[in-house]
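# Examining the three-dimensional arrangement
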Amino acid sequence: MNDTTNKEDQEEERIPAMQSLIDNPFLLLFIGVAMPTVFYIIWGIMEIVTLPIAP
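Here's a quick rundown of the structure. Since we're looking at a predicted model, the values are computed, not measured. (Residues numbered from 1 in each chain as written. Predicted model: local features only at pLDDT ≥ 70, side-chain atom pairs only at ≥ 80, totals over all residues. Heavy atoms only, no water.)

## Side note on the overall build of the protein
When helices and strands are counted, the protein shows 3 helices and 0 strands. A buried classification covers 0% of the 55 residues belonging to the protein. As presented, the protein carries roughly 5700 Å² of accessible surface, and 68% of it is formed by carbon and sulfur atoms. (Helix = DSSP H or I, 4+ residues; strand = E, 2+ residues; numbered from the N terminus. Buried < 20%, exposed > 50% of the residue type's maximum accessible area, 1.4 Å probe, protein only. Areas by Shrake-Rupley, 256 points an atom, 1.4 Å probe, with all protein chains shown as cover.)

Put into structure tokens, the structure is as follows:
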């Protein structure tokens, strides 16, 4: 009986994906810079497309 409890204690738990994302500061920095950049580029393209044609 001791053997089974020791094996269960020795097994490592999987780290959830969201926790590993939050624990990585460089990945958070990249996401924090990349997401606004992408949104502003898309917003600028939408603004250029919706401009009326000059007469």
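Still to come is the rest of the account.
## Some details on the packing of aromatic side chains
For any pair of aromatic rings, the description rests on two quantities: the centre-to-centre distance and the angle between the ring planes. This model, assessed by the stated rule, comprises 1 aromatic pair. Aromatic side chains Y40 and W43 sit 5.8 Å apart centroid to centroid with 20° between the ring planes, which places their arrangement in the stacked category. Here Y40 pairs with W43, and both are found in helix α3 (residues 25-50), just 3 residues apart, close to one helical turn. Residue classification places W43 among the partly exposed residues on the basis of a relative accessible area of 49%. (Phe/Tyr/Trp six-rings, centres within 6.5 Å; stacked < 30°, edge-to-face > 60°.)

## Some details on a nonpolar patch on the surface
On the surface, L27, F30, I31, M35, V38, F39, I42 and M46 cluster together into a nonpolar patch covering about 750 Å² of accessible area. Relative to the elements of secondary structure, M35 occurs in helix α3. (Patch = residues over 30% accessible without salt bridge, like charges linked within 9 Å, V, L, I, M, F, W, Y side chains within 5 Å. Salt bridge = Lys/Arg side-chain N within 4 Å of Asp/Glu carboxyl O.)

Keep in mind these numbers describe shape, not what the thing actually does.
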